[in-house]
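Below, each chain spelled out in residue letters.
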Amino acid sequence: MKCVDDYRLRLGSHELVPIVVGGMGVDISTSALALEIARLGGIGHISDAMVHTVTDRRYRTHYVKDRLKKYKFNVDNLHDKSAAQFDLGLLAEATHLHVGKTMEAKRGPGLVFVNCMEKLTMNNPRETLRVRLCTAMDAGIDGITLAAGLHLGSFALIQDHPRFRDVKLGIIVSSLRALQLFLKKNARSGRLPDYIVVEGPLAGGHLGFAADWAKYDLVTILAEIRDWLRAEHLDIPLIPAGGIFTGGNAAGFLEQGAAAVQVATRFTVTRECGLPDEVKQAYFRATEDQIEVNNISPTGYPMRMLKSCPAVGSAVRPNCEAFGYLLDGSGHCQYAEAWERERSGLAEGQKVKVWDKTCLCTHMRNFDCWTCGHYTWRLKETSLQDADGNYHLLSAEHVFHDYQYSTGGKIELPVAG
Ligand SMILES: Cc1cc2nc3c(=O)[nH]c(=O)nc-3n(C[C@H](O)[C@H](O)[C@H](O)COP(=O)(O)O)c2cc1C
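A brief structural summary. The shown structure was predicted, so the numbers you read here are calculated from the model rather than taken from an experiment.

A word on the overall build of the chain. Within the chain one finds 13 helices and 13 strands. Here the C-alpha atoms of the chain give a radius of gyration of 21 Å, agreeing with the 22 Å that 2.2 N^0.38 yields for 417 residues. Projecting the C-alpha coordinates of the chain onto the three principal axes gives extents of approximately 65 × 60 × 40 Å. By the burial criterion, 50% of the 417 residues in the chain qualify as buried.

Structure (structure tokens):
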């Protein structure tokens, strides 16, 4: 029986173990996790989501505090946050710090990519995205995975960058239609993506599906995209993602012609993952009925999460002056609007509660939005449990090697002690 290690992913001159650990913002897929995956010969992702708060935590900068100080005058204005613009110079500085420090520390044969979500519109979608992409390349990133959005104009934004043709560029799609649109709109740049991540409905984070996500399946979408690419004589590596839980499962996709697999959920309970330990334990303990796909993300995309997490039904005051990553181009965020709607119906002193949206910036910043993959409820099968009920955290190396070498439905447990 074949295992993942029988295959290799070729990207330009690189020959890699065909395991990609997907980006998990905000700082869930840490630099430490991405670097460990690169050391082991695969592709690890950092994420540039909420980069200012990530660098504040890691490198003792104070971007968020300074931003709040600058825009404090606008905190009570819930209708219009257009004043709270991001300083593009500071965005470049923070991105350079985050990406540059990671790349300086990189060792081994693998690669480190950055996950760049278009839905992080940052009150100025076009210019902030341009700065994020260009600065990641300036800071030496090996590749950029374009995520959470159609990215119809993203290549045009960066086509004059000196690294545009050498950096690896990939796109995440959940349908053939999204891929066709992406290729059509980016054709003028004269460059194809180096890889395509095909993300099915069982993935974690935001989903590229509507409320009827359960009607779709990864195998069918992947086959549809593969057949179309063949018919168009386009040879672009395909990387399926979403619900690939075991090495045997991954090897099955490679056998069917996938170039690599992208996985994430299994790595959320590793020591290198940025989630606090108590959240990792909540992931281990989760049962299937505690995992839901809901519409509380102000991005408008459905999102999978543990429904017991503090982000559901919370009513934290909108923090757009400090964060503001989901402000559209004209100073609006669906959460700020929902909060104002609820507040306006209350008498003085009554506590606001918002159920239909969440303040994603604040909750992701505090690791209170427990977004997760569909198979999070199976994580308990991957570790050992102590008498006190806690599970052993795993090393990223252990999980990576389990994907790389195990066959069938087998999962290698960690050594006790
Ligand atoms: C906790 C968590 C956070 C995620 N955050 C992001 C993200 O910020 N951007 C993104 O493109 N995908 C995100 N994803 C999706 C993963 O990168 C990956 O494609 C997918 O989850 C793979 O499926 P699996 O988790 O079943 O292995 C996230 C997944 C998880 C589990």
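So, on to the nonpolar core. Counting 125 residues, the largest nonpolar core has Val198, Ile239 and Val261 as its most contacted members. Looking at which element gives the most residues to this core, the answer is strand β5 (residues 111-117), with six residues. Discounting chain neighbours no more than four positions away, the residues touching Val261 are Pro18, Ile19, Val20, Ile239, Pro240, Ala241, Ile244, Ala250 and Phe253.

We now examine the packing of helix α2 (residues 51-59) against helix α4 (residues 88-104). Two elements in contact, α2 and α4, have axes whose closest approach is 9 Å; the angle formed by their N-to-C orientations is 55 degrees. Of the possible angle classes, the one that applies to α2 and α4 is oblique. The crossing of α2 and α4 is left-handed. Taking contact as the criterion, the partners of Val51, His52, Val54, Thr55 and Tyr59 in α2 are, on α4, Ala94, Thr95, Leu97 and His98.

For the rest of this paragraph, the subject is the site of the ligand. As a matter of local geometry, the ligand sits amid 30 residues, with Gly22, Ala147, Gly204, Gly205 and Gly373 nearest to it. Elements with a minimum of two residues in the shell around the ligand: β5 and β11 (261-263). In terms of residue class, the shell around the ligand is built from 15 nonpolar, 14 polar and one charged.

With that out of the way, let us pick up the environment of Val54. Note that Val54 resides in helix α2. Owing to 26 C-beta atoms within 10 Å, Val54 belongs among the buried residues under this scheme. Counting along the chain gives 28 residues from Val54 to Val26, while the straight-line C-alpha distance between them is 7.6 Å.

With that settled, consider unusual backbone geometry. Cis geometry marks the peptide bond from Gly25 to Val26, where omega comes out at 5 degrees. Note that Val26 resides in the loop between β3 (19-21) and α1 (31-39). Phi is positive for Asn123, close to 65 degrees, though the residue is something other than glycine. By the element assignment, Asn123 lies in the loop between β5 and α5 (125-138). For His233, which is not a glycine, the phi torsion comes out positive at approximately 55 degrees. You can call His233 exposed: it has 6 C-beta atoms within 10 Å.

The antiparallel open sheet is built from three strands, whose spatial order is β9-β13-β12. Two strands bound the open sheet, and with one partner strand each, they are β9 (205-206) and β12 (291-294). Here β12 pairs with strand β13 (residues 303-306) via four bridges, running antiparallel. Bridging across to β13, Ile291 finds its partner in Leu306.

Our next topic: the environment of Tyr391. Looking at where Tyr391 falls in the secondary structure, it is placed in the loop between α12 (360-365) and α13 (396-405). For Tyr391, a count of 19 C-beta atoms within 10 Å puts it in the partly exposed group. Note: C-alpha distance between Tyr391 and Gly331 (60 residues apart in sequence) is 44 Å. Those residues in contact with Tyr391 that sit more than four places away from it in its chain are Gln281, Phe284, Lys380, Ser383, Leu384 and Gln385.

Rules and cut-offs
Residue positions are given per chain, counting from 1 as you read along its sequence in written order. Given that this is a predicted model, residues contribute local features only at a pLDDT of at least 70 and side-chain atom pairs are listed and counted only at 80 or more, while totals for whole chains, interfaces and linings are drawn from all residues. What counts as a helix is a DSSP run of H or I of at least four residues, what counts as a strand is a run of E of at least two, and both are numbered from the N terminus. Only C-alpha atoms enter the radius of gyration; for comparison, a globular chain is expected to reach 2.2 Å times N to the power 0.38, where N is the number of residues. Field definition: a residue is buried when 20 or more other C-beta atoms are found within 10 Å of its C-beta, exposed when 12 or fewer are, and partly exposed for counts in between, with C-beta atoms placed from the backbone. Only buried Ala, Val, Leu, Ile, Met, Phe, Trp, Tyr and Cys residues enter a nonpolar core, and they are joined through C-beta atoms within 7 Å. Placing a C-beta atom from the backbone of each residue, one calls two residues in contact when those atoms lie within 7 Å. Inter-axis angles, ranging from 0 to 180 degrees, are taken between N-to-C directions of lines fitted to C-alpha atoms, where helices are fitted over the stretch in contact. These descriptions rest on fixed angle ranges, namely under 35 degrees for roughly parallel, over 145 for roughly antiparallel, 65 to 115 for roughly perpendicular, and the rest for oblique. Left-handed is the label given to a crossing in which the near helix is rotated counterclockwise from the far helix by less than a right angle, and right-handed is the label when the rotation is clockwise. Defining nearness, a residue is near a molecule or strand when the C-beta atom obtained from its backbone falls within 6 Å of it. Residues are grouped as follows: Ala, Val, Leu, Ile, Met, Phe, Trp, Tyr, Cys and Pro are nonpolar; Asp, Glu, Lys and Arg are charged; all remaining types, including Gly, are polar. At least two DSSP bridges between two strands are required for those strands to pair.

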